[in-house]
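Survey of secondary and tertiary structure
This is what each chain is made of:
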Amino acid sequence: MAAGVAAWLPFARAAAIGWMPVANCPMPLAPTEKNKRQDELIILNVSGRRFQTWRTTLERYPDTLLGSTEKEFFFNEDTKEYFFDRDPEVFRCILNFYRTGKLHYPRYECISAYDEELAFYGILPEIIGDCCYEEYKDRKRENAERLMDDNDSENNQEGSMPSLNLRQTMWRAFENPHTSTLALVFYYVTGFFIAVSVITNVVETVPCGTVPGNKELPCGERYAVAFFCLDTACVMIFTVEYLMRLFAAPSRYRFMRSVMSIIDVVAIMPYYIGLVMTNNEDVSGAFVTLRVFRVFRIFKFSRHSQGLRILGYTLKSCASELGFLLFSLTMAIIIFATVMFYAEKGSSASKFTSIPASFWYTIVTMTTLGYGDMVPKTIAGKIFGSICSLSGVLVIALPVPVIVSNFSRIYHQNQRADKRRAQKKARLARIRVAKTGSSSAYLHSKRNGLLNAALELTGSSDDEQHISKSTSLIESQHHHLLHCLEKTTNHEFIDEQLFEQNCMDNSMQNYPSTRSPSLSSNNGGSTSCCSRRNKKTTHLPNSNVPATRLRSMQELSTIHIQCSEQPSLTTSRSSLNMKSEDGLRPNCKTSHLTTAIITIPTPPALTPEGESSPHPTTNISTTCSNIVKVSAL
Amino acid sequence: MYVCFLFFGSDYISIEGSTITLEQDSVEDEMEIATVRHRPEALELLEAQSKFTKKELQILYRGFKNECPSGIVNEETFKEIYSQFFPQGDSTTYAHFLFNAFDTDHNGSVSFEDFIMGLSILLRGTVQEKLNWAFNLYDINKDGYITKEEMLDIMKAIYDMMGKCTYPVLKEDTPRQHVETFFQKMDKNKDGVVTIDEFIESCQKDENIMRSMQLFENVI
C-alpha cells in the first residue's frame, strides 16, 4: 500500500461502517495503538543543511534507514539532531520520497553517485516513479556499457583470454578479423579473391582481338583456359572458406539458414553444376543462365563492409514505405498508360500498340528519362504526355525525402518503442508485485496471527516470538479492515495458487445435481458460521494435533461432505476460524468437467493424509455419497 | 495522378489535423480542471461544526491535502485512493456509492468540509446518526426506501471488493442470498422495501451490529 494514502486509512476504516448492517457475523477487534505518541518534528542535518520533517512521515517506510531505528546510530546528543555526512542535494530527493511517496531521479546527478546514496539510505531503485524511471534506466545502461567497454579493452590489451577450443577460435577469427594476424590474413585473402572473381566475370565478356574470320571474340572464349583456371581457383578458395565456416559455426543449422551462407552457396553452385553438366548440349543454355549467379559473389563483400550490412538492414526495415512507393507508382503508371493508349489509338503507325507497351513510355517519361523511342503524335496524346511528365516529377521526387525522413523517424521510434515495451513490462510487473505484495502481506499476517493464536491455546509459548513479526500500526489497521470485509461477506481472501488448486480439485469431483442438504438443515449458510464456531471450540483443548487433522475431523463431522475441501488450506485457517464454508458449495466454472465417481463407503480415502479419522457420522445423507477425488493423471 | 496524390495527401493532412485538434482539446480540459481550487473554511468554524478537535482537524487536513492538492476530490481520484486499500478486488462500484454518500450537495466533488462532516458522523456521531448515514448509503436514489435492487447493487459492490481469489469460491447468487437474508432481518412488514424506521429498529435489536458500530471509534 502506498504510504501516501496511509493518511486516508482512517477514512477507509470509517467508511467500513457501511458494511456493518449487512454483515451477519461479529467483527474482529480493532488493533489498538499501544503507545500513541504525539507527532514531533525531527531535524535531519545533512552536511550542514538542516531538513525538518514529522516523525510519522519518516516512519511511512519502516524498512529504510530513516524509517527504522537505524537512524538512531546517527543521533547527535549534543545538538539533538540526526547528522548525516552525505550529499545534501541527493538527500532532497530522498526526503521528497518520504513526503510524496514518489522517488524522482534528477537529471544533473551522476548515476553512480545517486545509486550509492540510495543504497546508503536503504531505498531500492525500483521504486523510482514512472516519470523518471526511463531516464534512470537509460543512464544506468549507458554507464554499464561504458564500464563494460572499458573492461573489454583492458582485457584485450592484456591479452589474457580463456583457452578456447579450435572451433571457437576459428569462429572468433571469422567473425572478428582483428583478433589475430592469421584471421586478418585470411580476411584480406578472401577479399582479394572475391575481387578477382568479380573482375574475371566482368572481363571475360569484353571483346579482345579478332580471329581471322571477321568475328570478334570475347576474352572469355579466347583465353578460355586461363579464365577457367582463375575461376577454379576462386571457387576452391570459396569452397574451403565455406566448409571451414560450417565447421566452426556454433550452431550449424542456424548458420546454414543465415543469409550470408546462402549467398556463399549460390556463388559457388554454378561452377559445380557446370562441371557436372558440360557434356550435355540441351541444358547448356540453362548453364549459361546459371553463370549469372556468379555475380552474387559481389555480395560476399558485405562481410567485409559494415556499411553494406547497415544498408541492407535499412532497406529491410523500410520495406513498407518502399512498398507503398512502388504501389503508388504502379497505380500512376497504369493510369497514364491507359490514357496514353486511348489517346494515341487514333494516330497511324503509333508505337502505342497496347497498354503494356505504353507502360514503357510512362515509366520513361515519369522518371524524366525521355529516351525518345516512343513519342505521342496526337494533340491529346501530347497534352496527356506533358501532364504525365509533370506529375512524374512530383510522384518520384516527393516520396523520396518522405521515405528518408520516415525511415529515420521510424528507426528512432522503433528504438524508443522497444525500450518502452521492455519498460512497460517491467512497470506492470512492478505494479503487480506491489499489489500482490500488499495482499500477500495480509495473507501472511493472517497466517501468522492465527498460528499464533493456535499456539497460544495449545500452550506452547516459546515459539510465539519468532512467529509474530512486527507489523507497523498502519499495516495492522489495514489488515483489520480487510478482515472486516471478509467477515461481512463470509468469504476469505486466498492466494491465487490456492484458488486455482481449489478450482482444479473441485472440477474433478462431482456433486449431486440436487441442492445440498446443508441449506435445508440450516437457515442460510451464513448464520451457521457463528453457531459453528461455538461448537468447534470444544475440540481444541484436547488436541495438540496440527491444524490439518482438526480440519479434516471437523469436516467429517459435518453433515454434508460431498465436497471435501483442500486440507492444504489449513495453514491459512486454524481451528479458531472455522466457518461453515461447507454450507456454500464451491462452484467453479469448470464444474462441468465430471470424471467418474467411485463411491467407497470408507471415509479414510477422503483425507489424503491417510489418517484414520473417527467413524463417519451416520447422518450422511444418501444422496451425497462419499466422493473420492479421482486424480487426473 | 496529381489529383490522386492531392486526394491522398488531403486525407493524410485531415487526419493529422483532427488529431491535432483533439490533443488541444484534451490539454485545455486538463488545464481547466487544474485551475479549480478550493480552500476550506477556517479551522475554528470547522471545529465548531464537527466533533473533532483542532489537532485532529490538522492531521486530517494534512493527509487530505497531500493526496488532493487542489482541495477537492473528484470521483476518479476517490476511486483510485479507495482501490489502493483493496488490491485484490475491484472497489470502484463501492467507491462510487461512498462518493455519493459523502457528496451531500451532489456537485460531483467532495470538498474538505463534506469530508469532515461525513467523518464526524461516522466516528463521533451517535448510533442513530451512524445508522442514518448507513441508510443513506444504501438508499441509492435517496427516496427514503431501500429496495431489493438497490441492496443488490450495494451487495454486489461489496462482494466485488473481495475479488476472484476467495475461499470458498464466490458464486453468482451469493450476493442475492445475502440480500434475502438482510431483508428477512430488516423488513418487518414484508412489503419488499426497508424504511428508515424499520432499519434503525432492526439494527438496534441486533447485538452484533450494535457492537460493530462502535468498532472504529478511535480511528483518529
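Residues numbered from 1 in each chain as written. Chains lettered and ligands numbered in written order. Predicted model: local features only at pLDDT ≥ 70, side-chain atom pairs only at ≥ 80, totals over all residues. Heavy atoms only, no water.

To keep it simple, the criterion reads: UniProt positions are given in the numbering used here, feature names are shortened, and annotations may be inferred rather than shown by experiment.
Looking at an unreviewed UniProt entry, chain B carries the name Kv channel-interacting protein 4, with the source organism given as Chrysemys picta bellii. UniProt's Sequence similarities (unreviewed entry) comment on chain B is quoted here verbatim: "Belongs to the recoverin family."

Going by the annotation in an unreviewed UniProt entry, the name recorded for chain A is Potassium voltage-gated channel subfamily D member 3, with Chrysemys picta bellii given as the source organism. Turning to chain A, the UniProt record has this under Catalytic activity (unreviewed entry): "K(+)(in) = K(+)(out)".

1. Here's the deal with the overall build of chain B
Going by this rule: A run of H or I in DSSP counts as a helix once it spans at least four residues, and a run of E counts as a strand once it spans at least two, with each numbered from the N terminus. When accessible area is computed with a 1.4 Å probe and restricted to protein chains, residues below 20% of their type maximum are described as buried, those above 50% as exposed, and intermediate ones as partly exposed. Residue contacts are defined here by distance: any two heavy atoms, one from each residue, within 4.5 Å place the two residues in contact. All accessible areas in this document rest on Shrake-Rupley with a 1.4 Å probe, and a residue is counted as covered only by the protein chains that are shown.
Of the regular secondary structure elements, chain B holds eleven helices and five strands. Out of the 220 residues belonging to chain B, those deemed buried represent 44%. Sequence-distant contacts in chain B: of pairs separated by 6 or more residues, those separated by 24 or more amount to 57%. Carbon and sulfur atoms make up 55% of the accessible area of chain B, which totals about 11,400 Å².

2. Structural notes on the interface of chain A and chain B
Note the following rule: Accessible area that two parts lose when put together, with a 1.4 Å probe and added across both, is what the buried area reports. Each reported salt bridge corresponds to a side-chain nitrogen of Lys or Arg within 4 Å of a carboxyl oxygen of Asp or Glu. Two N or O atoms form a polar contact when they lie within 3.5 Å of each other; inside protein one atom must be a possible hydrogen donor and the other a possible acceptor, and for residues adjacent in sequence the pair counts only when both atoms belong to side chains.
Contacts between the two partners involve 75 residues from chain A and, on the opposite side, 65 residues from chain B. Carbon and sulfur atoms supply 72% of the area that chain A and chain B bury against each other, a total of about 6,100 Å² over both sides. Linking chain A with chain B are zero salt bridges, by the criterion used here. Applying the counting criterion to the chain A and chain B interface returns four residue pairs in polar contact (both at pLDDT 80 or more).

3. Overview of the confidence of the model for chain B
Residues and elements named next belong to chain B. So the rule is basically this: The score called pLDDT rates the predictor's confidence residue by residue, from a low of 0 to a high of 100.
For chain B, the mean per-residue pLDDT works out to 78, and 83% of the residues sit at or above 70. For chain B, helix α1 (residues 2–35) is the element with the lowest average pLDDT, namely 45, and helix α5 (residues 92–102) is the one with the highest, namely 90. Taken together, the stretch residues 1–25 has pLDDT below 50 and engages in nine contacts with residues farther than four places along the chain or on a different chain. For this predicted complex, the interface score ipTM comes out at 0.75, while the overall pTM is 0.48.

4. Overview of the pattern of salt bridges
Inspection of the entire model under this criterion finds 23 salt bridges over all chains. The partner of Arg245(A) in a salt bridge is Glu241(A), with the nearest N and O atoms 3.1 Å apart. Of this pair, Arg245(A) and Glu241(A) both sit in helix α9 (residues 224–248), four residues apart, which is roughly one turn of the helix. Looking at Arg245(A), the relative accessible area reads 6%, which means it is buried. What makes Glu241(A) buried here is its relative accessible area of 4%. Notably, a salt bridge pairs Glu201(B) with Lys205(B), separated by 3.3 Å at the nearest N-O pair. One end of the pair is Glu201(B) and the other is Lys205(B), both in helix α10 (residues 196–205) and four residues apart, which spans about a single turn. Connected via shared salt-bridge partners are Glu241(A), Arg245(A), Asp264(A), Lys300(A) and Arg303(A).

5. Description of the UniProt feature "domain: EF-hand" (unreviewed entry) in chain B
Residues and elements named next belong to chain B. Following the UniProt record, one finds the feature "domain: EF-hand" (unreviewed entry) at residues 90–125, 126–161 and 174–209. Measuring from the first to the last C-alpha atom of residues 90–125 gives 29 Å, for a span that is 67% helix and 8% strand. Taken end to end, residues 126–161 has its terminal C-alpha atoms 28 Å apart, with 72% of it in helix and 8% in strand.

6. With respect to unusual backbone geometry
The phi dihedral of Lys80(A) falls on the positive side, at around 55 degrees, and the residue is not glycine. In this fold, Lys80(A) is placed in the loop between β3 (75–76) and β4 (81–84). Although it is not a glycine, Lys190(B) adopts a positive phi angle of roughly 55 degrees. Structurally, the position occupied by Lys190(B) is in the loop between α9 (174–186) and β5 (193–195). On the accessibility criterion, Lys190(B) (58% relative accessible area) is exposed.

7. A word on the pairing of strand β1 (residues 41–46) of chain A
Residue and element names in this part refer to chain A. For the record, the criterion: Any two strands are treated as partners once DSSP identifies two or more bridges connecting them.
Here β1 runs beside strand β2 (residues 49–54); their pairing, made up of six bridges, is antiparallel. Bridging across to β2, Leu44 finds its partner in Phe51. Pairing of β1 with β4 involves three bridges; the strand directions are parallel. By the bridge assignment, Val46 is partnered in β4 with Phe84.

8. Digging into the packing of aromatic side chains
Basically, it comes down to this: Stacked, tilted and edge-to-face pairs are distinguished by plane angle, under 30 degrees for stacked and over 60 for edge-to-face with tilted covering the rest, among Phe, Tyr and Trp rings (Trp via its six-membered ring) whose centres lie within 6.5 Å. Whether a charge sits over a ring comes down to the Lys NZ or Arg CZ being within 6 Å of the ring centre and within 35 degrees of the ring normal.
This structure, assessed with the given rule, holds 45 aromatic pairs over all chains. Taken together, a centroid distance of 6.5 Å and an interplanar angle of 25 degrees make the contact between Tyr61(B) and Phe64(B) stacked. With Tyr61(B) and Phe64(B) both in helix α3 (residues 54–67) and three residues apart, this pair spans about one turn of that helix. For Tyr61(B), a relative accessible area of 22% puts it in the partly exposed group. Taking the ring centre of Phe120(A) as reference, the NZ or CZ of Arg86(A) above it sits at 4.0 Å.

9. Let's talk about the sheet that holds β2(A)
Two pairing modes exist for strands in a sheet, parallel and antiparallel, and in both the strands are linked by backbone hydrogen bonds. Within the open sheet, the four strands sit side by side as β2-β1-β4-β3 (chain A). Their pairing is mixed. Looking at the sheet topology across the chains shown, the edges are occupied by β2 and β3 of chain A.

10. Some words on the packing of helix α7 (residues 181–203) of chain A against α9(A)
Residues and elements named next belong to chain A. Keep this limit in mind: Note on method: axes are straight lines fitted to C-alpha atoms, helices fitted across the in-contact stretch only, with angles between N-to-C directions ranging 0 to 180 degrees. Helix crossings get a hand from a simple test, with the near helix turned counterclockwise from the far one by less than a right angle marking a left-handed crossing and a clockwise turn marking a right-handed one. Residues are grouped as follows: nonpolar covers Ala, Val, Leu, Ile, Met, Phe, Trp, Tyr, Cys and Pro; charged covers Asp, Glu, Lys and Arg; every other residue, Gly included, is treated as polar.
In contact at an axis separation of 10 Å, α7 and α9 are set at 140 degrees when each is read in the N-to-C sense. Seen along the crossing, α7 lies across α9 with a hand that is left-handed. Listed contacts from α9 to Phe186, Thr190, Phe193, Ile194, Val196, Ser197, Thr200 and Val203 of α7 are Phe227, Leu230, Cys234, Ile237, Phe238, Glu241 and Met244. Among the residues making up the contact of α7 with α9, the classes are represented as eleven nonpolar, three polar and one charged.

11. Quick notes on the nonpolar core
Going by this rule: We call a set of buried residues a nonpolar core when its members are Ala, Val, Leu, Ile, Met, Phe, Trp, Tyr or Cys and they connect through side-chain atoms within 4.5 Å of each other.
Trp19(A), Tyr82(B), Leu98(B), Met151(B) and Phe199(B) are the most contacted members of the largest nonpolar core, which has 75 residues in total. Here this core gets nine residues from one element, more than from any other, and that element is helix α8 (residues 148–162) of chain B. Non-local contacts of Leu98(B), meaning those with residues more than four positions away in its chain, are made with Phe11(A), Ala15(A), Phe78(B), Tyr82(B), Trp133(B) and Leu137(B). Counting 27 residues, the second largest nonpolar core, distinct from the first, contains Tyr82(A), Ile111(A), Leu118(A) and Ile123(A).

12. Focus: the pairing of β4(A)
Residue and element names in this part refer to chain A. Bridging between β3 and β4 involves two bridges; their strand directions are antiparallel. Residue Phe75 lies in a different strand from β4, and its bridge partner there is Tyr82. Between the end of β3 and the start of β4, which pair antiparallel, lie four residues, with Lys80 showing a positive phi angle near 55 degrees.

13. Some points on α9(B)
The following threshold applies: A helix is expected to reach a length of 1.5 Å times the quantity of its residues less one.
The first and last C-alpha atoms of α9(B) sit 18 Å apart over 13 residues, in line with the 18 Å expected at 1.5 Å per residue. The secondary structure elements touched by the buried residues of α9(B) are α19 (473–489) of chain A together with β3 (145–147), α8, β5, α10 and α11 (207–213) of chain B.

14. Here we look at α19(A)
Under the 1.5 Å per step criterion, the end-to-end length of α19(A) is 25 Å for 17 residues, consistent within 8% with the ideal 24 Å. Directly beyond the C-terminal end of α19(A), a positive phi value near 65 degrees is found at Asn490(A).

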